[in-house]
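Architecture at a glance
Chain by chain, the residues:
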Amino acid sequence: MSMAVIGMVAGMALGFAGYFGGFGAFLLVAALGAIGFVAGRFLEGDIEPGDFFRPRDRDRGDRRR
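Summarised in this report is the structure supplied together with it. (Residues numbered from 1 in each chain as written. Predicted model: local features only at pLDDT ≥ 70, side-chain atom pairs only at ≥ 80, totals over all residues. Heavy atoms only, no water.)

Side note on the overall build of the protein chain
The following threshold applies: Labels follow the DSSP assignment, with helices taken as runs of H or I lasting at least four residues and strands as runs of E lasting at least two, numbered in each case from the N terminus. Exposure classes here rest on a 1.4 Å probe applied to the protein chains alone. A residue is buried below 20% of its type maximum, exposed above 50%, and partly exposed in between.
Secondary structure summary: the protein chain contains 1 helix and 0 strands in total. Looking at the protein chain as a whole, 3% of its 65 residues qualify as buried.

Right under this line is the structure:
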């Protein structure tokens, strides 16, 4: 299944949740979808648990100066 079709299905699910359940249901479906996406990427091996806790790039330097 292409990413466009997956995006369309996700958009339709959010649309139905927003229409029939209101804004709270829309937010719940969006949050659960994001959690499911991260869990799926983790189970496929695309990401590691340490990816969430270490800095992205240590060579950038301190930008707060």
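That covers the picture; the talk isn't over yet.
Brief notes about the pattern of salt bridges
Going by this rule: Salt bridges are defined as contacts in which a side-chain nitrogen from Lys or Arg sits within 4 Å of a carboxyl oxygen from Asp or Glu.
Summed over all chains, the structure comprises 1 salt bridge. Residues arginine 41 and aspartate 46 are paired through a salt bridge, measuring 3.2 Å at the closest nitrogen-oxygen approach. Look at arginine 41 and you get partly exposed, because its relative accessible area is 32%.

So, the packing of aromatic side chains
What counts, and what does not: Aromatic rings from Phe, Tyr and Trp, with only the six-membered ring used for Trp, were paired whenever their centres fell within 6.5 Å, and each pair was classed as stacked if the ring planes differed by under 30 degrees, edge-to-face if by over 60, and tilted otherwise.
Per the stated rule, a full pass over the model turns up 3 aromatic pairs. Both rings, one in phenylalanine 16 and one in phenylalanine 20, keep their centres 6.0 Å apart while their planes meet at 10 degrees; by these two values the pair is stacked. Taken as a pair, phenylalanine 16 and phenylalanine 20 lie in helix H1 (residues 3-44) at a separation of 4 residues, close to a single helical turn. For the ring pair tyrosine 19 and phenylalanine 20, a centre distance of 4.9 Å and an interplane angle of 85 degrees mean the geometry is edge-to-face. Judged by its relative accessible area of 67%, tyrosine 19 is exposed. These aromatic residues form a ring-pair network of at least three members: Phe16, Tyr19 and Phe20.

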